[in-house]
Amino acid sequence: TLVRGSFGVAHSLGVRDDGRVFAWGYNRFGQLGLGDDVARLEPTQVPGLTDVIKVQVGNAHSAALTLDGRVFTWGLNDVNQLGGNAPPNAEISTPRPVPLPAVMIDLACGDNHCLALAFDGRVFGWGGNFYGQVGDGTTADVATPREITGAGWSTRALGIGAGRFHSLAYDTQGSVWAWGSNGGGQLGQSISQISQSPRPLWVQGINLLPGP
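Since the model is a prediction, treat every value here as computed from it, not as a measurement. (Residues numbered from 1 in each chain as written. Predicted model: local features only at pLDDT ≥ 70, side-chain atom pairs only at ≥ 80, totals over all residues. Heavy atoms only, no water.)

> Can you break down the state of the cysteines residue by residue, with the values?
Summed over the entire model, instances satisfying the criterion amount to 1 disulfide. Here Cys 109 is linked by a disulfide to Cys 114, with a sulfur-sulfur distance of 2.4 Å. Handedness of the Cys 109-Cys 114 disulfide follows from its S-S torsion of about 95°: it is right-handed. By relative accessible area, Cys 109 is classed as buried at 7%. For Cys 114, a relative accessible area of 0% corresponds to the buried category. (Disulfide = S-S within 2.5 Å. Buried < 20%, exposed > 50% of the residue type's maximum accessible area, 1.4 Å probe, protein only.)

Below is the structure:
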């Protein structure tokens, strides 16, 4: 039985209750993780992945988080969205571990970037960064996972999320932070004043935790 999934523009991933991953759909860049670039019309098990608790699908890449806190990526690496486990512009058709410095507890991917949340609340980002969606203070693509620092939050993150070209996190005080593209106001900021931000901005007027 599939208990979790992630669904992209043209390919999909699902996680069974036993931690196995199944993939189907478009596979031009190896984003199904099946060792080839042949599309699949039916869910097919991704070899080499066990004890997976979450999957994420980008435009042409995929990622998985395992029970022991490891992150695996595969697919297209044209803007380093695989996180340092493949050469630039490579097409990787089997899952490879991402070199992260801690145990991860959450994972989020946008169109061509990824975020990972460590057990201690640190947030790491990598991949396409044209709009600052990685959150490292630049708009240059990030080849290997980089800790997001100077973010403005005074406490560690509890959760993360990613849109196509923007990212979000909320901290232990319940405050929400957003960074990347603001073309549609997705950062919770005035479009006329901010078109994008490479650093997390506080989203005013929202708190995810109840007050005292």
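> I'd like a description of the pattern of salt bridges, backed by residues and values.
On inspection of all chains with the given rule, the structure shows 11 salt bridges. Across the pair Asp 106 and Lys 54 runs a salt bridge, and its minimum N-O distance is 2.8 Å. Of this pair, Asp 106 sits in strand β9 (residues 104–109) while Lys 54 sits in strand β5 (residues 52–57), placing them 52 residues apart in sequence. Through salt bridges with shared partners, a single ionic network connects Asp 120, Arg 122, Glu 147 and Arg 156. (Salt bridge = Lys/Arg side-chain N within 4 Å of Asp/Glu carboxyl O. Helix = DSSP H or I, 4+ residues; strand = E, 2+ residues; numbered from the N terminus.)

> So what's going on with the pairing of strand β13 (residues 157–162)? Which residues, and what values?
The sheet contact formed by β13 and strand β14 (residues 166–171) spans 5 bridges and is antiparallel. When the bridges of β14 are listed, Gly 159 appears paired with Tyr 170. In sequence, β13 turns back onto β14 through a hairpin of 3 residues. (Pairing = 2+ DSSP bridges.)

> Account for the nonpolar core, naming residues and giving values.
Formed by 16 residues in total, the largest nonpolar core has its most connected members in Val 71, Leu 100, Met 104, Leu 107 and Trp 126. Counting only elements with at least two residues in this core, the list comes to β6 (61–66), β9, β10 (113–118) and β11 (123–127). Not counting chain neighbours up to four residues away, the residues in contact with Val 71 comprise Ala 64, Leu 65, Arg 96, Pro 97, Val 98, Leu 100, Met 104, Leu 107 and Trp 126. (Core = buried A, V, L, I, M, F, W, Y, C linked by side-chain atoms within 4.5 Å. Contact = heavy atoms within 4.5 Å.)

> Residues and numbers for unusual backbone geometry, please.
The backbone phi angle of Asp 51 is positive, close to 55°, even though this residue is not glycine. Inspection of the secondary structure assignment puts Asp 51 in the loop between β4 (40–45) and β5. We note that Asn 80 has phi near 70°; this positive angle belongs to a residue other than glycine. Secondary-structure assignment places Asn 80 in the loop between β7 (71–76) and β8 (91–97).

> I'd like a rundown of the environment of Asp 68, residues and numbers included.
Looking at the secondary structure, you find Asp 68 in the loop between β6 and β7. Through-space distance from the C-alpha of Asp 68 to that of Ser 175 is 28 Å; in sequence the pair is 107 residues apart. Reaching out from Asp 68, the side chain makes a polar contact with the side chain of Thr 66 at a distance of 2.4 Å. In this structure the side chain of Asp 68 is engaged in a polar contact, spanning 3.2 Å, whose partner is the side chain of Arg 70. (Polar contact = N/O pair within 3.5 Å; in protein donor to acceptor, adjacent residues only side chain to side chain.)

> Provide a residue-level description of the side chain of Arg 122, including the pertinent values.
Mapped onto the elements, Arg 122 comes out in the loop between β10 and β11. In this structure the side chain of Arg 122 is engaged in a polar contact, spanning 2.9 Å, whose partner is the side chain of Asp 120. In contact with Arg 122, other than residues within four places in its own chain, are Ala 102, Ala 116, Leu 117, Glu 147 and Arg 156.

> An account of the sheet that holds β11 is needed here, citing residue identities and associated values.
Strand order across the open sheet formed by 4 strands is β9-β10-β11-β12, with antiparallel pairing between neighbours. The open sheet has two free edges, formed respectively by β9 and β12 (142–147), since each of these has just one partner strand. Between one strand axis and the next, the sheet turns by 15° as a mean value, whatever way the strands run. (Axes fitted to C-alpha atoms, helices over the stretch in contact; angles between N-to-C directions.)

> Before we move on, can you summarise the sheet that holds β6 with the specific residues and values?
Read from one edge of the open sheet, 4 strands run β5-β6-β7-β8, paired in antiparallel fashion. On the outer flanks of this sheet lie β5 and β8, each paired with one strand and no other. Sheet twist, expressed as the mean angle between neighbouring strand axes with direction ignored, is 10°. Across 5 bridges, β6 lies against β7 in antiparallel orientation.

In short, the description is geometric, and any link to function would need to be established separately.
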